[in-house]
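Structure at a glance
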Amino acid sequence: MNEYLLKGKGIDPTYNTFDELQQLQVRIQSEINEDFPRLSYDAFLYKHLDNKSRFFRIGSTDGVNGASILSEMVTNNVVSIGWYDLGDLEDISPLTKVGIKDALMAEGFYDNASTASRKAGEIFKFYNEIKPFDYVLVADGISIKAIGKIVSNNYFYEGTFSFPHCRNVTWIKTNIDDLFINEGLMTSVWQYEYPNSIEQIEVYLGIREPKGIPVPPVGPTPTPQPNLPEFPLNIILYGPPGTGKTYNTIDKSVEIINGTVGDHEQNKFAFDKLKSEGRIAFVTFHQNYTYEDFIVGLKPATEKEQLLFKKHEGIFYKIVEKAKKAYELGSNSNIQADRFVLIIDEINRANISKVFGELITLLEDDKRLGADNELSVTLSNGETFTLPPNLYIVGTMNTADKSISLIDIALRRRFEFIGMYPDSSVLNGQYSDRVTFLESINRKIYEKRKNADYLIGYAYFISNLSLEEIITKKVIPLVSEYFNGRIEEVESLFEETGYEVKYDTSKYKWFVSPKSISDAVA
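This text gives an overview of the structure that appears in the document. Computed from a prediction, not measured in an experiment: that's the story for all the values here. (Residues numbered from 1 in each chain as written. Predicted model: local features only at pLDDT ≥ 70, side-chain atom pairs only at ≥ 80, totals over all residues. Heavy atoms only, no water.)

1. A look at the sheet that holds strand β5 (residues 165-173)
- In spatial order, the strands read β2-β5-β4-β3-β1-β6; together these six strands make up an open sheet with mixed pairing. Of all the strands in the sheet, the pair left with one neighbour each is β2 (78-81) and β6 (189-191). Strand-to-strand twist in this sheet, taken as the mean axis angle between neighbours without regard to direction, amounts to 40°.
- As defined by bridge partners, β2 adjoins β5 across four bridges and the pair is classed as antiparallel. Opposite Val78, over in β5, you have Asn168 as the bridge partner.
- Of the strands in this sheet, β1 (55-59), β3 (135-140), β4 (143-157) and β5 touch helix α7 (residues 195-205), which is tilted by about 90° from β1. (Pairing = 2+ DSSP bridges. Helix = DSSP H or I, 4+ residues; strand = E, 2+ residues; numbered from the N terminus. Axes fitted to C-alpha atoms, helices over the stretch in contact; angles between N-to-C directions. Contact = heavy atoms within 4.5 Å.)

The structure is reproduced here in structure tokens:
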């Protein structure tokens, strides 16, 4: 009992006089508010279970209608999760992650097996892995609304609740409005893992004093946790079309800012939120894009029927200014500054030396604000300009389109390049019937072009169209460009794909049909 009071509840159970014993009893009654049998049972559990408390995030928003379920939880002294139509978990056989996944698929919750498996893991964690003395933090996004402690291993299904899968809880704090933790977003059940998140919670609850790791100040837009992984300041994802370059900028941006690696569904939610907060900006370059569009210049405007020229601040200028303010705040507070990401899609479609102008020099790591060789430049409007080290640039580049300029040497050496080439395994599952085709045609293309820049990405095949339609409407037009419309070469690309592709010169039309078994063998 003494160990439970001291380590589990933070109450020193020692006393030397009768008055001290009475004071101890009053404190136990006021702070724990349990009768002796309950207190003894908790002490028994504390002794025989792993007494190191863990912290779990529990989402409180109904994914269907957006309503908050927090009051239902607090009123009934439970923490709960949704999936109403799944029914009582204890009726599922086998009651495992796989069994729950199969039940989710059967009830039509998810069409995608990967998503169903991930959600099944969250449900099983709620049922089986959260133990007595674990803390549960009921959250709405990054905002923590209530904190409670699990009191038993008991699970029950309450069909009258909006979130029917329940665990009993003792609430420690409710109506919280000053605790924000940027970990585990877009999950219903998440165990907090990062040391800084755990320290932030424990300090907030008074369980321990800070150990010197700076805890971000709370507020509506919290500062990211310290000790985030290091990333190159300037990177370009490059490769042939359809390999997921733009798609992966979402995951890469969230990873840079939050230091977390989640699935794409989670990352897209976090990406949209960060973008709305101004910490991620997105722009697509094109041939007419200019320095004035990107950085700063003058734009014509009319006012009282007069033509005026007003200062225009481009997307790059705006995000740099935001990043600078965050950097200065972090430096003054001795904490790591918020990170910002600028995504430049199709970076080589513009004349990038002309668009970046004199700022090319500032892109280098050691020329950034606060670096050893910090430099500033004077913009065309006379303004002194620097780049902070908390701004990251993520570009994409299509290597197949040789009609547009490639990155020049001066700019190329300031970026790190990450190749994105076709990965047929992405098609496994729903589109597995297209894997062999993709691998076969890419083999042929490489044989003829001796260059991986002209391969075909998997994204062309993630479609509700039939494979024949994809070949006709997407693949043939693409490879015709690759081979300058030479019909015989285009036809030969499909020889080992299991499809016969022929051009009818009488109708000027391509015809695609699966080969018969005998043709394929021959």
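There's more to say after this.
2. Concerning the pattern of salt bridges
- Across all of its chains, the model carries 19 salt bridges by this definition.
- Linking Lys444 and Glu495 is a salt bridge whose minimum nitrogen-to-oxygen distance equals 3.6 Å. Within this pair, whereas Lys444 is found in helix α14 (residues 435-449), its partner Glu495 is found in the loop between α16 (487-492) and β16 (499-504), the two being separated by 51 residues in sequence.
- On the basis of relative accessibility, which here comes to 12%, the residue Lys444 falls in the buried class.
- Three or more residues joined by partner-sharing salt bridges are found here, namely Arg118, Lys119, Glu122, Asp263 and Glu265. (Salt bridge = Lys/Arg side-chain N within 4 Å of Asp/Glu carboxyl O. Buried < 20%, exposed > 50% of the residue type's maximum accessible area, 1.4 Å probe, protein only.)

3. Comments concerning the packing of aromatic side chains
- The tally for this structure, following the rule as stated, stands at 18 aromatic pairs.
- Where Tyr84 meets Tyr157, the ring centres are 6.2 Å apart and the plane angle is 50°; that geometry is what we call tilted. Of this pair, Tyr84 sits in the loop between β2 and α5 (97-106) while Tyr157 sits in strand β4, placing them 73 residues apart in sequence.
- Ring geometry for Phe316 and Phe356: centres 6.1 Å apart, planes at 70°, overall edge-to-face. Remark: Phe356 occurs in helix α12 (residues 352-356) and Phe316 occurs in helix α11 (residues 315-333); sequence separation between them is 40 residues.
- Given a relative accessible area of 0%, Phe356 falls into the buried group.
- Members of the aromatic cluster, joined through ring pairs, are Phe285, Tyr289, Phe294, Phe316 and Phe356.
- Seen from the ring of Tyr454, Arg449 lies directly overhead, with NZ or CZ sitting 3.9 Å from the centre.
- Across from the ring centre of Phe483, 5.8 Å away, lies the NZ or CZ of Arg449, which sits over that ring. (Phe/Tyr/Trp six-rings, centres within 6.5 Å; stacked < 30°, edge-to-face > 60°. Lys NZ or Arg CZ within 6 Å of the ring centre and 35° of its normal.)

4. Regarding the sheet that holds strand β7 (residues 234-239)
- Strand order across the open sheet formed by five strands is β8-β11-β14-β7-β15, with parallel pairing between neighbours. Looking along the sheet, the strands with just one partner apiece sit at the ends: β8 (280-284) and β15 (416-419). Taken over all neighbouring pairs, the strand axes of this sheet differ in orientation by 20° on average, direction set aside.
- Across four bridges, the pairing between β7 and β15 is parallel. Opposite Ile235, over in β15, you have Glu416 as the bridge partner.

5. Overview of unusual backbone geometry
- The residue after Ser93, namely Pro94, is reached through a cis peptide bond having omega -5°.
- Note that Pro94 resides in the loop between β2 and α5.
- The phi angle at Trp83 is positive, at roughly 60°, despite the residue not being glycine.
- Its location among the elements puts Trp83 in the loop between β2 and α5.
- Judged by its relative accessible area of 11%, Trp83 falls in the buried class.
- Positive phi, close to 55°, is recorded for Asn175, a residue that is not glycine.
- In this structure, Asn175 sits in the loop between β5 and β6.
- A residue is classified by how much of its surface remains accessible, and Asn175, at 71% relative accessible area, is exposed.

6. Side note on the packing of α14 against helix α15 (residues 467-482)
- α15 packs onto α14 with a crossing angle of 10° between their chain directions and a minimal axis gap of 13 Å. Regarding the angle of α14 to α15, the classification is roughly parallel. Along its contact with α14, which presents Phe437, Ile441, Ile445 and Arg449, the element α15 presents Leu467, Ile471, Val475, Val479 and Tyr482.
- Its residues assigned to classes, the contact of α14 with α15 shows eight nonpolar, no polar and one charged. (Parallel < 35°, antiparallel > 145°, perpendicular 65-115°, else oblique. Nonpolar A, V, L, I, M, F, W, Y, C, P; charged D, E, K, R; others polar.)

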